[in-house]
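Listed below are the residues making up each chain.
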Amino acid sequence: MSIPPLSKSKFIAGIQCPLRLWYSVYAPELASEPTPAKQARLDNGRKVGALARGLFPRGVLVEEDHLHHEEAIRSTQAFLKSASVPAIYEGAFTFNHVKIRTDILERVRDGSWNLMEVKSATQVKEDHRYDVAIQYYVLNGFGFDLKSAGVLHLNKEYVYDGEELDLGALFRFEDLKGQVARIQEEVEAKLQDLKTMLGSGSPPVTNPSRHCSEPYDCEFYEHCRKKMPDHWVLQLSGIGKDKLSQLAEMGIHDIRDVPDSFPLSPVQLRIKRCVVRGREYIGPMLKTALSEREYPIHFLDFETISPPIPRYGNTRPHQKIPFQWSDHILSGGGSLDHREYLSVEDSDTREELASSLLEALGDRGDICTYTTYEKRVIAGLANHLPKYRNHLLTLLDRCWDLWGTIRKGYYHPDFHGSFSLKTVLPAVVPSMSYEVLAVQDGEYAGVEYLRMIDGETRFEEKEMIRKNLLQYCGHDTIGMLKIREELLKRCGA
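Residues numbered from 1 in each chain as written. Predicted model: local features only at pLDDT ≥ 70, side-chain atom pairs only at ≥ 80, totals over all residues. Heavy atoms only, no water.

1. Regarding the overall build of the protein chain
For step 1, the next point in the chain: Counting secondary structure elements, the protein chain contains 19 helices and 14 strands.
For step 2, the next point in the chain: Expressed as lengths along the three principal axes of its C-alpha atoms, the size of the protein chain is roughly 80 × 60 × 40 Å.
For step 3, the next point in the chain: Relative to its 493 residues, the protein chain shows a buried fraction of 48%.
For step 4, the next point in the chain: Pairs at least 24 apart in sequence give 69% of the contacts found in the protein chain among residues at least 6 apart.
For step 5, the next point in the chain: Approximately 24,000 Å² of the protein chain is accessible, and the part contributed by carbon and sulfur atoms is 49%.
For step 6, the next point in the chain: Here the protein chain holds 62 positive side-chain charges and 70 negative ones, and the gap between their average locations is 4 Å. (Helix = DSSP H or I, 4+ residues; strand = E, 2+ residues; numbered from the N terminus. Buried < 20%, exposed > 50% of the residue type's maximum accessible area, 1.4 Å probe, protein only. Contact = heavy atoms within 4.5 Å. Areas by Shrake-Rupley, 256 points an atom, 1.4 Å probe, with all protein chains shown as cover. Lys, Arg positive; Asp, Glu negative; His and termini not counted. Charge placed at Lys NZ, Arg CZ, Asp CG, Glu CD.)

Right under this line is the structure:
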């Protein structure tokens, strides 16, 4: 059975999961469409890659796309022969049935080359090493003399001055040549295994597990997930790879089939018992944790963006920039007020946002958040705004984490192992589904916000996005209030 050449991305997919590689080669139609948020991450990666080329301003781009690989190879060879070309972007090569496109190949005066894989991350990760290793394998097969081979990534310490990006300070290069050279036998063995698997005529038997999202979310996850039971053992919150492997070896995929003798954490044991019994768990301290709150209770939620390339002055790569907040305020007498803020300009509005937030929160009452994310955003604002620092820091002591309260004292079988607000809210308050909203998660909210402040977006569309964002953020905060209200009822309060 003949197999197509392996690309770098397919090699990485095969390392993550052989079945992912099989589907990508023989059944790509089974893949889920990328979400807008995932597409935005891919687009950002391409923008960072293009920006990195500015470090080598006289370099040349191999313009042929991946569908025209042979033509790209010919262009690359022509640039390699021209001593006047100091760097090549997207160079194309094929060796031993493996094809690659190199982000940047820099020519060194002594005739050697520097290989650079550009990443939008702020540090080198384990999977990046295989990115470089497979390119090293191909280029080494071509006889290249590589002076260095590594990752050109964003520098998390770089602070943008708001005027002009300093590319030399924005990027950092980490040479991995020694590391990737040492694993070349492993790379060659993995390649052979993957080629043998692809030529076997049948897909490998692989059950979905933690590897489906490590290091990347697999595009075939939803297809593979269909084979698993509704209450899948992966939903045992926090369960590790070793225990999952043990259960798989025992042929156990359903939580209800996990033996009583199998070691589980307290939370996992609670999940199992709720699933087996088909009813919710209410802990003995839940009522106290929910009821003994200082009024007025503020239910607070932020939305943020974290652009890989700094957008505003005095910000770093991937720094979280809040652009919106919602605060539902419950008084001791039961009356409800709602305040909110949404930046509508493409500028750094953190001071305006913080000022309006402090006015809404006042100086008394618990601040209900979901996880400690809001506390981190507030701390970030305090670090950025000396003028409001002390006032902002006093808010931290008033924060109460509803997520932590629920995780300690409540569980519903419909959570399916997740304690996220998007799961908990519709399970506890069925009338409050996120499915009716145009914006359904925080990452997409950030994508839509950037689209709203884009100068090329039509006014009518900006208005629609603005309303959708306000509806979404407000849904989160009224949702937290409704969860507390409903759980108090179930506790008999």
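2. Regarding helix α19 (residues 459-490)
For step 1, the next point in the chain: The end-to-end C-alpha separation of α19 is 46 Å, in line with the 46 Å expected for 32 residues at 1.5 Å each.
For step 2, the next point in the chain: Backbone geometry just after α19 places Gly 492 at a positive phi near 85 degrees. (Expected span 1.5 Å × (residues − 1).)

3. Remarks on the pairing of strand β9 (residues 297-305)
For step 1, the next point in the chain: Burial within β9 is extensive, with nine of its nine residues counted as buried.
For step 2, the next point in the chain: Side chains Ile 297, Phe 299, Asp 301, Glu 303 and Ile 305 of β9 all project onto a buried face; the interleaved residues His 298, Leu 300, Phe 302 and Thr 304 project onto the opposite face, where all are buried too.
For step 3, the next point in the chain: Here β9 runs beside strand β10 (residues 321-330); their pairing, made up of nine bridges, is antiparallel. The residue bridging Thr 304 from the neighbouring strand is Pro 322, located in β10.
For step 4, the next point in the chain: In this sheet, strand β12 (residues 367-369) lies alongside β9 in parallel orientation, the contact comprising two bridges. Bridge assignment links His 298 to a residue of β12, and that residue is Ile 367. (Pairing = 2+ DSSP bridges.)

4. Some thoughts on the side chain of Ser 7
For step 1, the next point in the chain: When you line up the elements, Ser 7 lands in strand β1 (residues 6-7).
For step 2, the next point in the chain: We classify Ser 7 as buried; its relative accessible area is 13%.
For step 3, the next point in the chain: Looking at Ser 7, its side chain comes within polar contact range of the side chain of Ser 9, at 3.1 Å. (Polar contact = N/O pair within 3.5 Å; in protein donor to acceptor, adjacent residues only side chain to side chain.)

5. Brief notes about the layout of surface pockets
For step 1, the next point in the chain: A volume near 290 Å³ is recorded for the second largest pocket.
For step 2, the next point in the chain: Taken together, 13 residues form the lining of the second largest pocket, with Gln 319, Lys 320, Arg 376, Gly 380 and Leu 381 sitting closest to its centre.
For step 3, the next point in the chain: Among the elements that make up the lining of the second largest pocket, the one with the highest residue count is helix α14 (residues 373-384) (six residues).
For step 4, the next point in the chain: Grouping the amino acids of the lining of the second largest pocket by side-chain chemistry returns four nonpolar, five polar and four charged. (1 Å grid on protein atoms, 1.4 Å probe; cavity = no way out; pocket = protein on both sides within 12 Å on 5 of 7 lines; lining within 4 Å. Points joined across faces, edges and corners; volume = space filled by probe spheres on them. Nonpolar A, V, L, I, M, F, W, Y, C, P; charged D, E, K, R; others polar.)

6. Focus on empty space enclosed by the protein
For step 1, the next point in the chain: Within this structure, the stated rule accounts for one cavity of 30 Å³ or more.
For step 2, the next point in the chain: A volume near 100 Å³ is recorded for the largest cavity.
For step 3, the next point in the chain: Along the wall of the largest cavity there are 14 residues; nearest its centre are Cys 17, His 211, Cys 212, Cys 218 and Cys 224.
For step 4, the next point in the chain: Taken together, the elements giving at least two residues each to the lining of the largest cavity come down to α2 (18-26) and α9 (221-225).
For step 5, the next point in the chain: The greatest single-element share of the lining of the largest cavity, amounting to three residues, is contributed by α2.
For step 6, the next point in the chain: Grouping the amino acids of the lining of the largest cavity by side-chain chemistry returns nine nonpolar, four polar and one charged.

7. Digging into a negative patch on the surface
For step 1, the next point in the chain: A grouping of Asp 161, Glu 163, Glu 164 and Asp 166 is seen on the molecular surface, where their side chains present a negatively charged patch.
For step 2, the next point in the chain: Along the chain, Glu 164 turns up in the loop between β6 (146-154) and α6 (167-170).
For step 3, the next point in the chain: Taking the relative accessible area as the measure of exposure, Glu 164 reaches 63% and is therefore exposed. (Patch = residues over 30% accessible without salt bridge, like charges linked within 9 Å, V, L, I, M, F, W, Y side chains within 5 Å. Salt bridge = Lys/Arg side-chain N within 4 Å of Asp/Glu carboxyl O.)

8. Things to note about the packing of aromatic side chains
For step 1, the next point in the chain: Counted under the stated rule, the structure contains 13 aromatic pairs.
For step 2, the next point in the chain: The structure contains a cluster of three or more aromatic residues connected by ring pairs, namely Phe 93, Trp 113, Phe 142 and Phe 144. (Phe/Tyr/Trp six-rings, centres within 6.5 Å; stacked < 30°, edge-to-face > 60°.)

9. Brief notes about the sheet that holds strand β13 (residues 399-401)
For step 1, the next point in the chain: The five strands are arranged β11-β10-β9-β12-β13 in an open sheet whose pairing can be described as mixed. Either end of the sheet is taken by a strand with one partner, and the two such strands are β11 (336-342) and β13. Each strand of the sheet is rotated relative to its neighbour by a mean of 25 degrees, with strand direction disregarded.
For step 2, the next point in the chain: Pairing geometry for β10 and β11, over seven bridges, is antiparallel. Along β11, the bridge assignment pairs Leu 330 with Leu 336. (Axes fitted to C-alpha atoms, helices over the stretch in contact; angles between N-to-C directions.)

10. Things to note about the side chain of Asp 127
For step 1, the next point in the chain: Among the structural elements, Asp 127 can be located in helix α5 (residues 126-141).
For step 2, the next point in the chain: Within the buried core, Asp 127 has no salt-bridge partner, and the shortest N-O distance to an opposite charge, that of Lys 119, equals 5.5 Å.
For step 3, the next point in the chain: If we ignore the near neighbours within four places in the chain, the residues touching Asp 127 are Ile 12, Pro 215 and Tyr 216.

11. Describing the environment of Phe 93
For step 1, the next point in the chain: Structurally, Phe 93 is set in strand β3 (residues 87-95).
For step 2, the next point in the chain: In this structure Phe 93 comes out as buried when scored by relative accessible area, which is 0%.
For step 3, the next point in the chain: In sequence terms Phe 93 and Val 138 are 45 residues apart; their C-alpha atoms lie 7.3 Å from each other.

12. A few points about the nonpolar core
For step 1, the next point in the chain: Of all hydrophobic cores here, the largest spans 62 residues; its most connected members are Val 233, Leu 402, Ile 406, Phe 415 and Leu 469.
For step 2, the next point in the chain: No other element matches α19, which puts ten residues into this core.
For step 3, the next point in the chain: The contact partners of Val 233, leaving out residues within four places of it in the chain, are Ile 239, Leu 244, Leu 247, Ile 252, His 253, Asp 254, Ile 255 and Val 258. (Core = buried A, V, L, I, M, F, W, Y, C linked by side-chain atoms within 4.5 Å.)

13. Section: the state of the cysteines
For step 1, the next point in the chain: Summed over the entire model, instances satisfying the criterion amount to zero disulfides.
For step 2, the next point in the chain: Free of any disulfide, Cys 218 has its nearest cysteine sulfur in Cys 224, 6.2 Å distant.
For step 3, the next point in the chain: A relative accessible area of 16% places Cys 218 in the buried class.
For step 4, the next point in the chain: Free cysteine: Cys 274, not disulfide-bonded; nearest cysteine sulfur from Cys 491 at 13 Å.
For step 5, the next point in the chain: Relative accessible area serves as the criterion here: at 4%, Cys 274 is assigned to the buried category. (Disulfide = S-S within 2.5 Å.)

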